[in-house]
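One-letter residues, chain by chain:
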Amino acid sequence: MKPYKNKINRIRTFALALIFIGIVIMYAGIYFKDYPVVMVIFMLLGLLAIIGSTATYAWIGLLSMKTVPVQCPNCGRHTKMLGRVDMCMHCREPLTMDPELEGKEFDVDYNKKNS
């Protein structure tokens, strides 16, 4: 099982990956300069990936403004929390603000509505 990361950082990483994927798609379009229609399709697909990245960055920025800033008990630095449980952005300490979950083993399923 891959290690759990902070939700905000995972979404930001996805948006950054979209930028690079868009650039690679556009770069691939250069190889089709003899076929202008194919080249334009590649350029538009790359542009859509970059626009998707911009929208993702805007969404996570708005979402980040609604988060609760907490101080990590392990490293003492401030971090932002989404949901009932999350990880510290800096030291990856499990965090919760729900008194019912204090002392329990960290589980991402605590963030689902039905648990």
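Since the structure is predicted, the reported quantities are computational estimates derived from the model, not experimental observations. (Residues numbered from 1 in each chain as written. Predicted model: local features only at pLDDT ≥ 70, side-chain atom pairs only at ≥ 80, totals over all residues. Heavy atoms only, no water.)

*Asks:* Before we go on, may I ask you to explain the side chain of S53 in this structure?
*Replies:* One can find S53 in helix α2 (residues 36-65). A relative accessible area of 1% means that S53 is categorised as buried. In this structure the side chain of S53 is engaged in a polar contact, spanning 2.8 Å, whose partner is the backbone oxygen of A15. When sequence neighbours within four positions are dropped, the list of residues in contact with S53 reads A15, L18 and I19. (Helix = DSSP H or I, 4+ residues; strand = E, 2+ residues; numbered from the N terminus. Buried < 20%, exposed > 50% of the residue type's maximum accessible area, 1.4 Å probe, protein only. Polar contact = N/O pair within 3.5 Å; in protein donor to acceptor, adjacent residues only side chain to side chain. Contact = heavy atoms within 4.5 Å.)

*Asks:* Sorry, what's going on with the UniProt feature "transmembrane region" (unreviewed entry) in the chain here?
*Replies:* As annotated by UniProt and renumbered to match this structure, "transmembrane region" (unreviewed entry) occupies residues 12-32 and 38-60. The distance separating the terminal C-alpha atoms of residues 12-32 is 32 Å; by composition the span is 90% helix and 0% strand. The span residues 38-60 carries 100% helix and 0% strand; its end-to-end C-alpha distance comes to 33 Å. (UniProt positions renumbered as here; feature names shortened; annotations may be inferred.)

*Asks:* Help me out: how do you make sense of the environment of L48 in this one?
*Replies:* Mapped onto the elements, L48 comes out in helix α2. Overall, the relative accessible area of 56% leaves L48 in the exposed class. When the C-alpha atoms of L48 and L18 are compared, they prove to be 9.5 Å apart, with 30 residues separating the residues in sequence.

*Asks:* Would you mind going over the packing of aromatic side chains with me for this structure?
*Replies:* Each aromatic ring pair is described using two quantities: the centre-to-centre distance and the angle formed by the ring planes. What the rule picks out here adds up to 2 aromatic pairs. Look at Y27 and Y31: their rings are 5.8 Å apart centre to centre, the planes differ by 85 degrees, and that puts the pair in the edge-to-face class. There is no split in this pair, since Y27 and Y31 are both exposed. When the ring of F32 is compared with that of F42, the centres are 5.1 Å apart and the planes differ by 15 degrees; the resulting orientation is stacked. Here F42 lies in helix α2 and F32 lies in the loop between α1 (7-30) and α2, a separation of 10 residues in the sequence. Using a relative accessible area of 31% as the deciding quantity, one classes F32 as partly exposed. (Phe/Tyr/Trp six-rings, centres within 6.5 Å; stacked < 30°, edge-to-face > 60°.)

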